[in-house]
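Structural overview
For reference, the chains in residue letters:
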Amino acid sequence: MPPLKKYDVIIIGAGHAGCEAAYTTSSMGLDTCLITIHLETVAQMSCNPAIGGLAKGHLVREIDALGGIMGLLADETGIQFRLLNQSRGGAVQAPRAQSDKALYRLTMKKWLEKVHNLTLFQGIATEILVRNSQVRGIVTLDGNRLPARAVILTPGTFLNGLIHMGLHSYSAGRANEPASLELSENLKKLGLKIFRLKTGTPMRLHKDTIEWERFTPQPGDSTPVPFSFRTQKKLENKILCHIGYTNPKTHEIINKNLDKSPLYSGKITGIGPRYCPSIEDKVVKFPDHQRHQFFLEPEGLDTSEIYVNGISSSLPLEVQKKILKSIPGLDQAKIVRPAYGIEYDAVSPTQLKPTLETKKIQNLYLAGQINGTSGYEEAAAQGLMAGINATLKLKKKKPLILRRDEAYIGVLIDDLISKGVEEPYRLFTSRAEYRLGLRIDNADKRLVKYGYSLGLIKEKDYEAYRKKQERIKKVITLLEKEKIRIENKEKISLKDFLKKPEVRYKNVLEYKKFKTNLADEEVRHIESEVKYEGYLRKQEKEIARIKKIDGEKIPVDTDFKKIPGLTKEVIEKFEKIRPKTIGEAKKIPGLTPAAIVNLHIFLKIRKRGKSPQ
């Protein structure tokens, strides 16, 4: 084991949040220890062997632009790549990749082992040491004390984890891995508000027992799009996924066995994910649906395991077998890993600062599922930001807090700390009011400056980014200058021509060839910038207006009882929290837009020296 020296940062848990946090703090120069129950499961893909998707793919691009490693790793270990929504606008396009599950964790471990300042340590954390409301280190199960200036807690589903399969339950953080019981109790003793959540995973099948001709093949893209701006190698699709459907017979079996489901027997008290429900949830909540879609996804190149995406369940094994028997093509399929549900403890994220540091305990940061989120990408984004801000605080520097208008990461964290969660949180493009400007094609333009200033983006990568921006700027300037006549009408610029909904950049090249060669990614960026230009200008004005309002100061002597139209509950919240600005007031959980409007009007009238009656 490592010597009992004092680390700058200890990170508990080596899932996607913990790995990103550890890479970040150590790369920024801090002496870091990453502690995990099993070193063999570093960056384990506990559920779906895939990275990205709508909004999630945006997060991975942003992680990459800030200097994180999830995008690079997804490109390195991907076995099928797809750009979703290619026929739609750039704001809702997103990359998704199937990864080789085993290769993903092995590659992450290999990368982390080579990082300077980082120690990987196998152990079980049971207690966070706190003195005078400040972190001092941790205690492990074997009684060792590891001192640290900061702790980042990323335990995934391990806090008081309880696995359910039918009416049988057992304590575990993941199948056949021990739950973290003592640490959960320790957090309660430290005064953090804990609540229960639930998630689940589907069965895995042996590929040789599936009749593949019964299902619709889903190939990858002919020209795969990488996640990382730094990926240089050409990506390659190596597998096929397939699409299938349940049927009325499947649903009949599920309805007949609901009494054996811990979800419907009352045994599970935690709230499950609304947007990734179990198959029994789908059947019960959507009784008019004759079928539900699922995907058969290989877990890797050197395994026979097939992930059945869409049939997550906590029903008993014998019922899972009956479900398969009801689906043509899966009726002879053999289960190699049964589906199960898992309940676990989470910490109410309203107890966190925008930096992901707890309000109650200094230098204790939380990231990932402990904050009520679901998904590898949401976890990795939080781990990255917790790592960045823990480092900046220990170096006595200003924190990095991303706004809602500059990153999906900003939307994610702001939603968590201001609104809290009642069910596992999943990010969607619809959650971002400024999504036209938060696209995958401009993530580097929005965020590389931060990654570079933090030392997470290397000089050669920053130089490549700068040259890319020069090429884009040069072509847009040429589009503005060059004029063409279409169908004997008045001449218009090529830029105005490209603004037409049906026109693509390749159509522009039919009129004018440019010497500047652009990558596909650069073409997508130019198309989006040109087509969204008018909307983006309006959005920029709106952002500027809101910034001005959010920055408006609330005098310390404000008597909130005098503000007309406020309920007693709102007044109590204002008096308790005493927000310093309108922006801070907007983040108070449970506050309505009307209350903010009333506060804003009251302050404007007061500023003019009039009575706010």
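The following refers to the structure shown. It should be emphasised that the depicted structure is a prediction, and the values quoted were computed from it without experimental measurement.

**Examining the nonpolar core**
In terms of nonpolar packing, the biggest core is built from 99 residues, with Ile-10, Ile-12 and Ile-409 touching the most fellow members. Among the elements that make up this core, the one with the highest residue count is helix H10 (residues 376-394) (11 residues). Aside from chain neighbours lying at most four places away, what touches Ile-12 is Ile-35, Ala-125, Ile-128, Ile-138, Val-151, Ile-152, Leu-153, Thr-154, Pro-155 and Leu-183.

**Section: the packing of aromatic side chains**
On inspection of all chains with the given rule, the structure shows 5 aromatic pairs. Seen in terms of ring centroids, Phe-215 and Phe-294 are 6.1 Å apart; in terms of plane orientation they differ by 65°. Their pairing is edge-to-face. Placement of the pair is Phe-215 in the loop between strand E12 (194-206) and strand E13 (216-218) and Phe-294 in strand E15 (residues 293-298), with a sequence separation of 79 residues. For the pair Phe-215 and Phe-294, one class covers both residues: buried. Relative to Phe-574, the ring of Phe-560 lies with its centre 4.9 Å away and its plane at 20°, an arrangement referred to as stacked. A residue pair is termed long-range when its members are at least 10 positions apart, and Phe-560 in the loop between helix H17 (533-550) and helix H18 (568-577) and Phe-574 in helix H18 qualify at 14 residues. The cationic tip of Arg-61 hangs over the ring face of Phe-229; the distance from NZ or CZ to the ring centre is 5.0 Å. In this structure, Arg-291 is placed above the aromatic ring of Tyr-245, and the distance from its NZ or CZ to the ring centre is 3.6 Å.

**A look at the pairing of E15**
With 4 bridges connecting them, strand E14 (residues 241-245) and E15 associate as antiparallel partners. Pairing of Gly-244 across the sheet is with Phe-294, part of E15. One ladder, built from 4 bridges, connects E15 with strand E16 (residues 305-312); its direction is antiparallel. Within E16, the position partnered with Glu-297 by the bridge is Tyr-307. Taking the residues between adjacent antiparallel strands as the criterion, E15 and E16 are bridged by 6 residues.

**A closer look at the environment of Val-130**
Take Val-130: it is sitting in strand E7 (residues 125-131). The exposure class assigned to Val-130 is partly exposed, which follows from its relative accessible area of 30%. If near-sequence neighbours (up to four positions away) are discounted, Val-130 is found in contact with Arg-136, Leu-190 and Ile-361.

**Notes on helix H9 (residues 317-325)**
Those residues of H9 that sit buried are Val-319, Gln-320, Ile-323 and Leu-324. Along H9, the residues classed as buried sweep out an arc of 145° about the axis, all on the same side. Those residues of H9 that are buried are in contact with strand E10 (162-165), E12, helix H6 (248-256) and strand E17 (335-337).

**Quick look at helix H5 (residues 181-189)**
Given 3.6 residues to a turn, an α-helix orients residues that are three or four positions apart in the same direction. For H5, every residue scored as buried is listed here: Leu-183, Ser-184, Asn-186 and Leu-187. All buried residues of H5 project into a common sector of 160° when viewed along the axis, lining one side. Contacts from the buried residues of H5 go to strand E1 (7-12), E7, strand E9 (145-153), E12 and strand E18 (340-347). Immediately beyond the C-terminal end of H5, within one or two residues, lies Gly-191, with a positive phi of roughly 95°.

**Overview of the environment of Ile-163**
Mapped onto the secondary structure, Ile-163 falls in strand E10. Taking relative accessible area as the criterion, Ile-163 reaches 0% and is therefore assigned buried.

**Regarding the sheet that holds strand E5 (residues 94-99)**
The antiparallel open sheet is built from 3 strands, whose spatial order is E3-E5-E4. Sheet topology places strand E3 (50-52) and strand E4 (78-84) at the edges, where each strand pairs with a single neighbour. Taking each pair of neighbouring strands and ignoring which way they run, the sheet shows an average axis angle of 15°. As paired strands, E3 and E5 are joined by 3 bridges and run antiparallel to one another. Across the sheet, the residue bridging to Gly-52 is Arg-96, located in E5.

Rules of the game
Residues numbered from 1 in each chain as written. Predicted model: local features only at pLDDT ≥ 70, side-chain atom pairs only at ≥ 80, totals over all residues. Heavy atoms only, no water. Core = buried A, V, L, I, M, F, W, Y, C linked by side-chain atoms within 4.5 Å. Buried < 20%, exposed > 50% of the residue type's maximum accessible area, 1.4 Å probe, protein only. Helix = DSSP H or I, 4+ residues; strand = E, 2+ residues; numbered from the N terminus. Contact = heavy atoms within 4.5 Å. Phe/Tyr/Trp six-rings, centres within 6.5 Å; stacked < 30°, edge-to-face > 60°. Lys NZ or Arg CZ within 6 Å of the ring centre and 35° of its normal. Pairing = 2+ DSSP bridges. Arc of directions from axis to C-beta. Axes fitted to C-alpha atoms, helices over the stretch in contact; angles between N-to-C directions.

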